[in-house]
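If you want the building blocks of each chain, they are given just below.
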Amino acid sequence: MIGLGRFGSSVALELMSQGTEVMAIESDPALVQRHADDLTHAVVADSTDAEVMRQLGVDEFQRAVVGIGTNLEASILTTAVLADFGVPTIWAKAISHEHRRILERIGAHHVVLPEHEMGERVAHMVTGRMLDYIEFEDDYAMVKLRPPREAIGHPLGKSKLRAKYGVTVVGVKRAGEGFTYATADTVVEHGDVVIVAGKTADVERLADQV
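What you see is a predicted model; the values in this text were computed from it and never measured.

Q: Outline the sheet that holds strand E5 (residues 110-112), listing residues and values.
A: The parallel open sheet is built from three strands, whose spatial order is E3-E4-E5. Edge positions in the sheet fall to strand E3 (63-66) and E5, since each has one partner strand and no second. Between one strand axis and the next, the sheet turns through 15° on average, direction left out of account. Pairing analysis gives four bridges linking E3 to strand E4 (residues 89-93), with the strands arranged parallel. Pairing of Arg 63 across the sheet is with Thr 89, part of E4.

Here it is, written out as structure tokens:
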């Protein structure tokens, strides 16, 4: 993990909680001291210096996360160092779409925009139509919502939601029970919660019917 700001430290601590060993590199000594006892290793170093990174053994790691956000130069140079090392999987945080495009061009395999993605998620939920919303690449989304009126009381195979809206009901949750995989024979009842996947425009069109 390179960068121990809010994003980087959150990812690092979650990885540790899952049993993954984490070495963190951060230029701010105060942040390193704050998290030193919580991570496998935490060192103060300049992540844009390839020789320093090589001495730390970063070139031997299989996965790296660049959590640097506000310092664009450091973010880009660090990602370039990792790409030059040939690190198999590089995740990087971006603060704008332009920043993301640059990181992808220089070798980042996965780029996330936490603030933008969270803002988009909250915006979809504020309207009250969706209980949760996650958008993936290629304009594909998965949402949690109450079932549309036309699906209640009928087996999913007969409700024709896929034919009409182009979406797939992935799972269903009944009050007091856990989520179960949906089948064509699953009957959706009033009060249930469904997980629906499909093109963003299609799941939004379905949500308008709730």
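Having seen the structure, we can now continue with the description.
Q: Break down the pattern of salt bridges for me, with residues and values.
A: Applying the stated criterion to the full structure yields five salt bridges. The partner of Glu 98 in a salt bridge is Arg 101, with the nearest N and O atoms 3.7 Å apart. Residue Glu 98 and its partner Arg 101 are located together in helix H5 (residues 97-105), separated by three residues, close to a single helical turn.

Q: Quick one: what's the story with helix H6 (residues 114-126), residue by residue and with numbers?
A: Between its terminal C-alpha atoms H6 stretches 18 Å, which fits the 18 Å expected from 13 residues at 1.5 Å a residue. Taken from the residues just after H6, Gly 128 is the one with a positive phi, measuring 90°.

Q: Break down the sheet that holds strand E7 (residues 140-145) for me, with residues and values.
A: Backbone-to-backbone hydrogen bonds join strands into a sheet, with any given pair of strands oriented parallel or antiparallel. Within the open sheet, the five strands sit side by side as E6-E7-E10-E8-E9. Their pairing is antiparallel. Here the strands that pair on one side only, and so sit at the sheet edges, are strand E6 (132-136) and strand E9 (179-181). Mean inter-strand twist for the sheet, computed between neighbouring axes without regard to direction, equals 20°. Two elements, strand E8 (residues 168-173) and strand E10 (residues 193-199), share five bridges in a ladder whose sense is antiparallel. Paired with Lys 173 across the strands is Val 193, a residue of E10.

Q: I'd like a rundown of the nonpolar core, residues and numbers included.
A: By size, the foremost hydrophobic cluster in this structure holds 21 residues, and its most contacted members are Ile 25, Met 53, Val 58 and Leu 82. Elements that contribute at least two residues to this core include exactly strand E1 (23-26), E3, helix H4 (72-85) and E4. If one sorts the elements of this core by residue count, H4 sits on top with four residues. Beyond its immediate sequence surroundings of up to four residues, Val 58 is in contact with Met 23, Ile 25, Met 53, Leu 82, Phe 85 and Val 87. Core analysis: the next-biggest nonpolar cluster, separate from the first, contains 19 residues, Ala 141, Val 188, Val 203 and Leu 206 among them.

Q: If you had to explain the packing of H4 against H5 to someone new, which residues and values would you point to?
A: As a packed pair, H4 and H5 sit with axes 9 Å apart at the nearest point and diverge in direction by 20°. With respect to H5, the element H4 is oriented roughly parallel. The two elements H4 and H5 meet at a crossing, and its hand is right-handed. Seen from H4, the contacting residues are Leu 72, Ser 75, Ile 76 and Thr 79; seen from H5, they are His 99, Ile 102 and Leu 103. Within the contact of H4 with H5, the residues separate by chemical class into four nonpolar, three polar and no charged.

Q: Go over the pairing of E4 with me, naming the residues and quoting the values.
A: The two faces of the sheet receive side chains in turn, since in a regular strand these alternate between them. Once the chain exits E3 it traverses H4 before rejoining the sheet at E4, and the crossover so formed is right-handed. One ladder, built from three bridges, connects E4 with E5; its direction is parallel. Looking across to E5, one finds that Trp 91 is bridged to His 110.

Definitions and limits used
- Residues numbered from 1 in each chain as written.
- Predicted model: local features only at pLDDT ≥ 70, side-chain atom pairs only at ≥ 80, totals over all residues.
- Heavy atoms only, no water.
- Pairing = 2+ DSSP bridges.
- Helix = DSSP H or I, 4+ residues; strand = E, 2+ residues; numbered from the N terminus.
- Axes fitted to C-alpha atoms, helices over the stretch in contact; angles between N-to-C directions.
- Salt bridge = Lys/Arg side-chain N within 4 Å of Asp/Glu carboxyl O.
- Expected span 1.5 Å × (residues − 1).
- Core = buried A, V, L, I, M, F, W, Y, C linked by side-chain atoms within 4.5 Å.
- Buried < 20%, exposed > 50% of the residue type's maximum accessible area, 1.4 Å probe, protein only.
- Contact = heavy atoms within 4.5 Å.
- Parallel < 35°, antiparallel > 145°, perpendicular 65-115°, else oblique.
- Left-handed = near helix turned anticlockwise from the far one by under 90°.
- Nonpolar A, V, L, I, M, F, W, Y, C, P; charged D, E, K, R; others polar.
- Right-handed = clockwise from strand over helix to strand, strands pointing away.

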